[in-house]
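Structural overview
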Amino acid sequence: MLMRKVPGFVPASPWGLRLPQKFLFLLFLSGLVTLCFGALFLLPHSSRLKRLFLAPRTQQPGLEVVAEIAGHAPAREQEPPPNPAPAAPAPGEDDPSSRASPRRRKGGLRRTRPTGPREEATAARGNSIPASRPGDEGISFRFDFNAFRSRLRHPVLGMRADESQEPQSRVRAQREKVKESGEASLFEVNIRYIGGLLSAFYLTGEEVFRIKAIRLGEKLLPAFNTPTGIPKGVVSFKSGSWGWATAGSSSILAEFGSLHLEFLHLTELSGNQVFAEKVRNIRKVLRKIEKPFGLYPNFLSPVSGNWVQHHVSVGGLGDSFYEYLIKSWLMSGKTDMEAKNMYYEALEAIETYLLNVSPGGLTYIAEWRGGILDHKMGHLACFSGGMIALGAEDAKEEKRAHYRELAAQITKTCHESYARSDTKLGPEAFWFNSGREAIATQLSESYYILRPEVVESYMYLWRQTHNPIYREWGWEVVLALEKYCRTEAGFSGIQDVYSSTPSHDNKQQSFFLAETLKYLYLLFSEDDLLSLEDWVFNTEAHPLPVNHSDSSGRAWGRH
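Bear in mind that the values here come from a model prediction, so they are computed numbers and not experimental data.

Along the polypeptide, Glu-405 turns up in helix α15 (residues 397-419). Classification of Glu-405 by relative accessible area gives partly exposed; the value is 45%. Note: C-alpha distance between Glu-405 and Ala-389 (16 residues apart in sequence) is 8.5 Å.

It is worth spelling out the UniProt feature "active site" (unreviewed entry) in the protein at this point. As recorded in UniProt, the feature "active site" (unreviewed entry) lies at Glu-188, Asp-319, Glu-428 and Glu-453. Along the chain, Glu-453 falls in helix α16 (residues 453-465). For Glu-453, a relative accessible area of 0% corresponds to the buried category.

Moving on, we come to the pattern of salt bridges. A full pass over the atoms with the stated rule returns 19 salt bridges. With its nearest N and O atoms 2.9 Å apart, the salt bridge here joins Glu-416 to Arg-420. Given the relative accessible area of 36%, Arg-420 is considered partly exposed. What emerges from the salt-bridge pattern is a single network uniting Lys-177, Glu-180, Glu-482 and Arg-486.

Let's shift gears to the sheet that holds strand β12 (residues 376-378). Across the sheet, three strands lie side by side as β12-β13-β14; this open sheet has antiparallel pairing. Taken across any chain shown, the strands that pair with only one partner, and hence form the sheet edges, are β12 and β14 (436-439). On average, adjacent strands in this sheet sit at an angle of 15° to one another, irrespective of strand direction. With three bridges connecting them, strand β13 (residues 429-433) and β14 associate as antiparallel partners. Its bridge partner lying in β14, Phe-432 is registered against Glu-437. Running over the sheet, α15 touches β12, β13 and β14 and is turned about 105° from β13.

The rules we used
Residues numbered from 1 in each chain as written. Predicted model: local features only at pLDDT ≥ 70, side-chain atom pairs only at ≥ 80, totals over all residues. Heavy atoms only, no water. Helix = DSSP H or I, 4+ residues; strand = E, 2+ residues; numbered from the N terminus. Buried < 20%, exposed > 50% of the residue type's maximum accessible area, 1.4 Å probe, protein only. UniProt positions renumbered as here; feature names shortened; annotations may be inferred. Salt bridge = Lys/Arg side-chain N within 4 Å of Asp/Glu carboxyl O. Pairing = 2+ DSSP bridges. Axes fitted to C-alpha atoms, helices over the stretch in contact; angles between N-to-C directions. Contact = heavy atoms within 4.5 Å.

Laid out in structure tokens, this is it:
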């Protein structure tokens with residue numbers, strides 16, 4: 001606007017406002033802008049609004065919903081390790097043929113010359129994603145995200161069947177209820193650590209997640225500097241010093257045995273074979289070492305390579321080691337025969353020495369301490385129903401029906417631990433003795449901290465059988481969570497599942513978002529949403545892709 005200068009006239013402002021009025025207007029405007037942008041980036045439904053302001057992404061509509069639930073939980077609470085065993089010679093070398101390199105995806109990884117910031121700025125966003133950026137020297141690979149997505153057998157979010165059909169209306173409402181529970185308790189974007197970073201990259205194609213995952217993997221490598229190559233449990237990124245896992249102490253089976261999925265992906269995304277070599281060596285040590293009755297104890301000395309004590313559990317301290325054996329087989333496109341054989345051998349030993357049926361007909365997996373059974377089952381062990389169902393298809397033909405039934409019976413037992421409580425939520429551990437079955441016998445085991453393992457098995461059993469009982473059981477959990485665990489600020493664990501008015505522990509565990517709600521959401525979704533043909537969930541429920549192609553780019557069939 002043009003204004004004529006008149007002698008003696010000084011305008012208050014370009015809008016005709018005096019200085020105090022202008023100050024108040026700008027103060028109001030800045031507050032309004034702050035409020036709008038805060039809502040844009042922090043409110044649960046803001047992902048749709050962001051697309052109006054941020055650069056468009058080459059992804060399927062609605063993909064951000066999946067990214068929101070790709071959370072990661074910190075390590076689960078474990079018992080402190082016992083005193084180490086006396087030192088012994090480290091395991092010897094094994095057959096070098098077992099160190100064959102993993103298959104590589106055609107068009108997936110290509111070595112390139114490092115590029116500078118200017119060259120990267122002009123790189124095609126939807127084609128090969130450049131790895132080298134300022135501060136990322138040494139990572140000189142491109143990952144063809146479009147080629148990866150083209151090999152998936154199902155759209156990431158599924159085909160979304162006609163939701164207007166009456167039989168699906170109730171399931172849709174249940175799914176939306178689970179989603180609403182997640183939004184009500186979402187205090188932070190819970191994508192962190194390697195598994196979460198990898199799944200975030202594969203789901204969104206955002207290069208920053210790939211780079212951060214590789215860098216984090218590199219920082220973990222000093223943990224493997226032990227006489228056996230079995231990693232220690234804790235390392236300081238800043239100083240390199242150790243936590244409780246000092247020289248001679250124990251490493252935990254569920255920790256060093258749950259690296260295979262992530263580290264093979266790190267090799268594939270970085271081109272650095274060191275990640276794959278580290279986890280292959282873990283398997284070599286475990287194959288070589290003598291195992292009591294074919295069982296894997298929970299504590300191993302990374303110095304001597306000997307078991308520290310003979311405590312065997314499919315629950316806490318051991319659980320995800322077994323899970324990663326069958327999932328490594330599936331993730332490899334069913335080519336990792338070593339993982340397959342180790343899994344079925346371990347499962348056979350578990351059946352022989354740990355599996356029991358109570359007088360009331362409940363099937364459970366006990367804990368083993370030097371040949372003596374503790375007739376209890378932890379909540380953490382309830383993932384095993386889903387694991388056994390997942391592996392039933394690839395068992396020997398004469399064992400497949402048996403494993404499907406075994407998976408169903410174990411899952412039924414875990415459901416009973418919920419059904420027999422006043423809150424319809426399960427205790428941390430439950431026993432089978434003195435005429436009491438699937439019930440905690442002391443207050444110290446009667447708490448519930450929003451754990452996911454039971455609903456995890458419901459989800460896998462539903463996808464394997466489509467028996468509506470699993471959705472019914474899952475909905476019972478949703479209602480119980482709403483009634484006993486929901487608070488004004490989110491969801492809380494409870495201190496006694498056998499009390500009709502339980503006290504809250506005022507903690508929302510991160511695995512509640514990353515796992516419990518995710519598995520419940522998938523339970524009430526179509527099977528092609530994060531299809532099990534395309535994705536394997538790691539131990540914290542981060543989806544990692546199945547390798548569908550060999551070195552020549554042909555799709556793997558089932559074999």
